[in-house]
Amino acid sequence: MSSDPTLDPTRLDARALADAVRRGAVSAVDVARAHLARVAADRHHAILAVDPDRVIAQATAVDARPDRDRLPLAGVPVTVKDNVDVAGEVTTAGSLAHDGMPAEADAPVVTRLRAAGAVLLGRANMDEVAMGASTQTSAYGPTRNPADPRRSPGGSSGGCAAAVAAGLVPLAVGTDTGGSIREPASQCGVVGMAPSPGLVPADGVLPFHPELDRVGPLARTAADAALLLDVLAGGLADPSPVRRIGVVAELSGPRNRPDVLDAFDRWSRDLETSGIEVVTVSVADGPEALAAYMTLTSVAALDWLGPWLASGRAGEEVVRRAEYAASLVEEGAERVEWAEQVRTRLHDQVAAALREVDVLVSPTMPTVAPPLVGEITPEELADPLAAPYTDCWTVVANLAGVPALSVPAPAVGLPVGAMLMGRPGADADLLALAPTR
Ligand code: GLN
């Protein structure tokens, strides 16, 4: 197949790339080679393991497919977070405490990616077993933020967000139990989504808290995120128009940095200018969400963390969470009951707010990307409630059981994300609404 020599595949978004491969304007192999060259030259440590021969073999197979001209992700390179099973590869989950056994089968999301013509390109770095918000707890070393390489990309899907932001791949698949897709998306200036519960299968993905875990897309545009989500979900409903949005008062107030609020205000004013009615709504228990989330997820982790701890190779953050969980269990049932009550109230409050308006909005997180070392003191890092403090708004969506999207807001300095939460099943509405710069 002859490729257009003037076309640089790493500059195209996923939709344009798939279109070019479908039309035969560029071969999947040339697309793969261009992205492999970008990965080889990259210094952000976003992608942990790449086997160029396997990448080229997949691309060669896509070029040979008789249905190539109908594949939604024809030849599009996609990186998957290292907690998602790929047949024949070890799912290390950013840890040295894994069992060393290669996965026997692809996770269903990986099967769907391959069927859609995607080319799997490496495994994305992550906080160890998805515990963390900076990608600094990875046993393989931190990922750097392409917006400022001295800073954290956020986490735990920091490798996914950095890979997309740095142009190593146009698409990535991450996981989000309390913000791990949206938060790094916000800090790296890309789009990330925790889809509706149950929309994307989580089998073959290392669980964290099975009722809160979501598997979802990261991309440079909302349209690309929608394309990937459509594949991951095995089909997405057509979007309905959004007429009324509600700014969540409790998540949009002074607990956010002024530069975050400034970018968020500009973003919501843009929505108003485009003819959408913007009102203020309340989710009264929003400020309690993080403490409830930490309680519920830490205790849930006791169900699966045993072998990782027993290996003696688990990192500090994982051990700290296990100790925190043990102390919660010792405290008695009241603490977990309190957290479950907060979860129920958040569910009811978010559902009530979503009867008043179509979509709830707030900043994705209260701050911008912190420096890799320095901003968080060792004391803060040791405090299980303070360390992932940046997840204080994102956890609301996981606890309330609704889809949530982070899109870049028009920030003056470092990237800032705006978060949109919708009714369960309204994923396409959020993606169609989201204005990006
Ligand atoms: N940062 C949060 C935590 O450390 C969320 C992690 C996640 O969503 N996987 O628990």
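Reading guide: rules and limits
Residues numbered from 1 in each chain as written. Predicted model: local features only at pLDDT ≥ 70, side-chain atom pairs only at ≥ 80, totals over all residues. Heavy atoms only, no water. Helix = DSSP H or I, 4+ residues; strand = E, 2+ residues; numbered from the N terminus. Rg over C-alpha atoms; globule rule 2.2 N^0.38 Å. Buried < 20%, exposed > 50% of the residue type's maximum accessible area, 1.4 Å probe, protein only. Contact = heavy atoms within 4.5 Å. Areas by Shrake-Rupley, 256 points an atom, 1.4 Å probe, with all protein chains shown as cover. Lys, Arg positive; Asp, Glu negative; His and termini not counted. Charge placed at Lys NZ, Arg CZ, Asp CG, Glu CD. Arc of directions from axis to C-beta. Polar contact = N/O pair within 3.5 Å; in protein donor to acceptor, adjacent residues only side chain to side chain. Core = buried A, V, L, I, M, F, W, Y, C linked by side-chain atoms within 4.5 Å. Domains from an automatic or database assignment.

Per an unreviewed UniProt entry, the protein chain goes by the name Glutamyl-tRNA(Gln) amidotransferase subunit A and belongs to Marmoricola endophyticus.

A. Focus on the overall build of the protein chain. Within the protein chain, the secondary structure is distributed over 15 helices and eleven strands. For a compact globule of 437 residues, the expected C-alpha radius of gyration is about 22 Å, and the protein chain comes in at 20 Å, within 12% of that figure. Seen through its C-alpha atoms, the protein chain measures out along the principal axes to roughly 65 × 55 × 35 Å. Going through the 437 residues of the protein chain one by one, you find that 57% of them count as buried. Excluding contacts between residues fewer than 6 apart, the proportion of contacts in the protein chain whose partners are at least 24 apart in sequence is 77%. Approximately 16300 Å² of the protein chain is accessible, and the part contributed by carbon and sulfur atoms is 53%. Taking the average location of the 36 positive side-chain charges in the protein chain and that of its 56 negative ones, the two points are 6 Å from each other.

B. Helix H1 (residues 14–23), seen in detail. For H1, the set of buried residues is Ala14, Leu17, Ala18, Ala20 and Val21. Mapping the buried residues of H1 onto a view down its axis gives an arc of 160°, with all of them on the same face. The inward-facing, buried residues of H1 abut helix H2 (28–41), strand S2 (77–81), strand S4 (171–176) and helix H7 (222–233). Backbone nitrogen of Arg15 and a side-chain oxygen of the N-cap are separated by 3.3 Å at the start of H1; the cap is Asp13. Positive backbone phi, approximately 80°, marks Gly24, located one or two places after H1.

C. Just the nonpolar core, in detail. Ranked by internal contacts, the top residues of the largest apolar core, which has 88 residues, are Leu73, Leu113, Trp267 and Leu420. Looking at this core, the element that brings in the most residues is H7, giving eight residues. Residue contributions to this core reach at least three from each of two domains, namely domain 1 (11–233) and domain 2 (244–289 + 334–436). If sequence neighbours within four positions are ignored, Leu420 has contacts with Trp267, Val359, Leu360, Val361, Pro403, Ala404, Leu405, Val407, Leu430 and Leu433. By size, the runner-up hydrophobic cluster in this structure holds 46 residues, among which are Ala130, Leu290, Tyr293 and Val396.

D. Seen up close, the environment of Leu7. Relative to the helices and strands, Leu7 is located in the segment before H1. Its relative accessible area of 23% is what places Leu7 among the partly exposed residues. Sequence separation of Leu7 and Val26 is 19 residues, and the distance between their C-alpha atoms is 7.9 Å.

E. Broad picture of the environment of Ala103. Looking at where Ala103 falls in the secondary structure, it is placed in the loop between S2 and helix H4 (108–115). With relative accessibility at 10%, the residue Ala103 sits in the buried group. It is 38 Å that separates the C-alpha atoms of Ala103 and Glu288, two residues lying 185 residues apart in sequence. Excluding residues that lie within four positions of it along the chain, Ala103 makes contacts with Asp85, Val86, Ala87, Gly88, Glu89 and Thr91.

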